[in-house]
Amino acid sequence: MRKQIAAANWKMNLTIDKAAILVDSILENATVLQDHQRAIFAVPAPYLSVIKNKLVGRKNIFVAAQNCHHKASGAYTGEVSVEMLSSLGIPACIVGHSERREYFNETNEQIAEKINLLLAANITPVFCCGEPLEIRESEGQNEFVATQIKESLFHLSENEIKKLVIAYEPIWAIGTGKTATTQQAQEIQAYIRSVLADQYGFEVADAVSILYGGSVKAANAKELFASNDVDGGLVGGASLIADEFVSIMGALK
Ligand code: PGA
């Protein structure tokens, strides 16, 4: 079975004290993950080492960065490089989140550069894609997401693409309380897998975990994750509440 993943994206929230209480409470209450299941905490950069240390010895639970810079190093005040993440032993990093694309003008090309650096450092990229509301309303979502995937991923080899996690996150569902229906999520995630299959073949496409993100919560996780092509979720708001995230972890296939 493909890896099934519950990924928390804390975004720019929590003090370190509150973050520690949250993680402790989740660790205390979550059931042990099965071999094919993973939980990931994408935490603010200053907390990476602290949270990583809290997760030592926990089966299949890892810390992740929320972003990295697309250049290897240099005069980029305030930025975090892949080399820095690697030197801290961080195993995964979100790239291309719609908030980064929208507020920080990240392009598909820059996201491709980040992915290259991450893969070279053996860090798993969690690549986000997804359409804005007006594209969904004009039914252009498949084409929109296919372009994001082609421009950021199609230079990768078969081996490289297999190392990626993809998160489909319709922008209209992020932080809005409006979730895609199970059918909408399944349809486009099956389409994403078909885009990968056209380029890399069925076997490769079948190996890539595709998460759904956008107002995932305890109340809808089980139904969303039950779909064939939904391999877990990337969770913002609900990942800040211990009970919610514990349930979401428990909803993994
Ligand atoms: P949300 O955020 O769960 O708060 O909608 C998801 C995300 O942006 O990753």
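About the criteria used
Residues numbered from 1 in each chain as written. Predicted model: local features only at pLDDT ≥ 70, side-chain atom pairs only at ≥ 80, totals over all residues. Heavy atoms only, no water. Axes fitted to C-alpha atoms, helices over the stretch in contact; angles between N-to-C directions. Helix = DSSP H or I, 4+ residues; strand = E, 2+ residues; numbered from the N terminus. Parallel < 35°, antiparallel > 145°, perpendicular 65-115°, else oblique. Left-handed = near helix turned anticlockwise from the far one by under 90°. Contact = heavy atoms within 4.5 Å. Nonpolar A, V, L, I, M, F, W, Y, C, P; charged D, E, K, R; others polar. Pairing = 2+ DSSP bridges. Buried < 20%, exposed > 50% of the residue type's maximum accessible area, 1.4 Å probe, protein only. Right-handed = clockwise from strand over helix to strand, strands pointing away.

**Student:** Sorry, what's going on with the packing of helix α7 (residues 141–153) against helix α9 (residues 182–200) here?
**Tutor:** Two packed helices can be described by the angle between their axes and the distance between those axes. In contact at an axis separation of 10 Å, α7 and α9 are set at 40 degrees when each is read in the N-to-C sense. Put simply, α7 runs oblique to α9. Seen along the crossing, α7 lies across α9 with a hand that is right-handed. Counted together, Q141, N142, V145, A146, I149 and L153 of α7 and I188, Y191, I192, V195, L196 and Y200 of α9 form the full contact between these two elements. Of the residues that constitute the contact of α7 with α9, the class distribution is 10 nonpolar, two polar and no charged.

**Student:** Even after reading the chapter, I still don't get the sheet that holds strand β8 (residues 232–235), so can you show me in this structure?
**Tutor:** Strand pairing in a sheet is mediated by backbone hydrogen bonds. Such pairs are either parallel or antiparallel. The strand order β1-β2-β3-β4-β5-β6-β7-β8 describes a closed barrel built from eight strands, whose pairing is parallel. Recorded for the sheet is a direction-independent mean angle of 25 degrees between the axes of neighbouring strands. Strand direction decides the pairing type here: strand β3 (residues 61–65) and strand β4 (residues 92–95), joined by two bridges, are parallel. Each residue of the ladder has a partner; that of A64, found in β4, is A92. Helix-sheet contacts for helix α12 (residues 242–250) involve β1 (4–9), β2 (37–43), β3 and β8, and the interaxial angle to β1 is about 160 degrees.

**Student:** I keep staring at the pairing of β4 and nothing clicks. Help me out?
**Tutor:** Working note: regular strand, side chains alternate between the two faces of the sheet. Residue alternation in β4 divides its side chains into two sets, A92 and I94 and C93 and V95, and both sets are buried. Running through helix α3 (residues 82–87), the crossover from β3 to the neighbouring parallel element β4 is right-handed. With four bridges connecting them, β4 and strand β5 (residues 124–129) associate as parallel partners. Counted as the bridge partner of C93 is P125 from β5.

It is worth stressing that arrangement in space is one thing and function is another; only the former is reported here.
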